[in-house]
Structure formats: C-alpha cells, structure tokens
Amino acid sequence: GTHTWLSGLLKCARCGYSLKVMTDSSARYLVCSGRYNLAHCNASIGVNLSELERVVQEQIEQFLEECPADTEVKQKDDAYIGRLEEIDGRADRLIDAFAESRDLSTDYLQRALSRLETQRQALLEAQQREKGRSVLPDKLVFAKLSFEEKKAVAAQFLRRINISENSAELCWNV
C-alpha cells in the first residue's frame, strides 16, 4: 500500500477481510474488501485513518521509549580488543619461552609468530569492517522514520488492526 503505513494490518472486524484505502482529492477512507470486491460484508467503516495513524504512532513510540538502549556495538568492540590482547599475550609468552629455552628453534618461533600475526591481522580487518558500518541511533524515533521504515516497524509491533464501523482494536505482537 502507498496511502498508509498501516496497510496490510487493517482488517474488517465483521468479516475479517482486509481494508482498502480509497482516496479522493480531499480525503482517505477505508472500505472492506469483503464488501467492495465480494459483496460478503455490509460493514460501513467510519474510522478516521489519520486519527488511527496518530494513535498507533503514539502507542508505538511509547513501546520504543520503554526499550533499553542497544549496547551490542560496544560489546563487539570490547570483544575484538580482548581477542587482540590475548594474541599479543600469546606472542609475548612465546618470545619469553624462546629466550629462556635452548630447545626451541628459530624456525618454530618464526612460524608460530607468523600464525599469530595472521590471526591478529584478520581480527584488525574485521574490527575495521565493523567500525565502517553505519551506527544505529541509541533510540529509534518513530516520527522521523520514512514511510517504508514506519511500515516495517508497525509490522513488527502489530499483528493486525480490527476495524469496525467506528472503532479500532489493536492486536499487538508484543
């Protein structure tokens, strides 16, 4: 749907068919597909679509306010730092063991340090790729989302919206 970000969620409370958004030069209004296409329903929908969008937006914003901030990005960076420190520690222990022992060959030391350096470079590259990704905001501001983004968020929160003649019942996924 292109007329409301609630499209696909709007259902007739009487027959269960989806509601279509019809437009004319001045307004948007809802009609039951069961009535309009199949003549199975006699529901006459009088719900104001703009008011419904406003109420749903307010309730979604309330849910979003209650959501905790996402700390996943910080945790990933901390994990990279911890793994890099572990590799550096292993290299230091290997060099110390070589310095104290006459049994370790320089070839063995070079191969082991080379493997550790390869792992270290792979981690640094992965860390750089993560840093290059766009950072999500701490909180999602529903009012600032695009039409398609609002549609996707609404579909995550709502299972359906049952519309009768003059009322709406929101069926939440949460």
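Look up a bit, the structure's there.
Because the structure is a prediction, the values reported are computed rather than measured.

Each value, and the rule that gives it
Residues numbered from 1 in each chain as written. Predicted model: local features only at pLDDT ≥ 70, side-chain atom pairs only at ≥ 80, totals over all residues. Heavy atoms only, no water. Core = buried A, V, L, I, M, F, W, Y, C linked by side-chain atoms within 4.5 Å. Buried < 20%, exposed > 50% of the residue type's maximum accessible area, 1.4 Å probe, protein only. Helix = DSSP H or I, 4+ residues; strand = E, 2+ residues; numbered from the N terminus. Contact = heavy atoms within 4.5 Å. Lys, Arg positive; Asp, Glu negative; His and termini not counted. Salt bridge = Lys/Arg side-chain N within 4 Å of Asp/Glu carboxyl O.

Caption draft 1: A look at the nonpolar core. Formed by 28 residues in total, the largest nonpolar core has its most connected members in Leu 10, Leu 52, Val 56, Ile 60 and Ile 161. The set of elements that each furnish at least two residues to this core consists of β1 (10–12), β2 (19–23), β3 (28–32), α2 (49–66), α5 (147–157), β4 (158–163) and β5 (168–172). No other element matches the 5 residues that α2 contributes to this core. Setting aside anything within four residues of it in sequence, one finds Ile 161 in contact with Leu 6, Leu 9, Leu 10, Lys 11, Leu 52, Val 56, Ala 168, Glu 169 and Leu 170.

Caption draft 2: A look at unusual backbone geometry. In this model, Ala 39 sits at a positive phi of 60°, which is unusual for a non-glycine residue. Inspection of the secondary structure puts Ala 39 in the loop between α1 (33–36) and α2.

Caption draft 3: Fine view of the side chain of Lys 11. Looking at the secondary structure, you find Lys 11 in strand β1. Here Lys 11 sits buried without a salt bridge, and the closest side chain of opposite charge, Glu 169, lies 14 Å off (N-O distance). Setting aside residues no more than four positions away along its own chain, Lys 11 makes contact with Gly 16, Tyr 17, Ser 18, Leu 19, Arg 160, Ile 161, Asn 162 and Ile 163.

So yeah, pure geometry; function would need other evidence.
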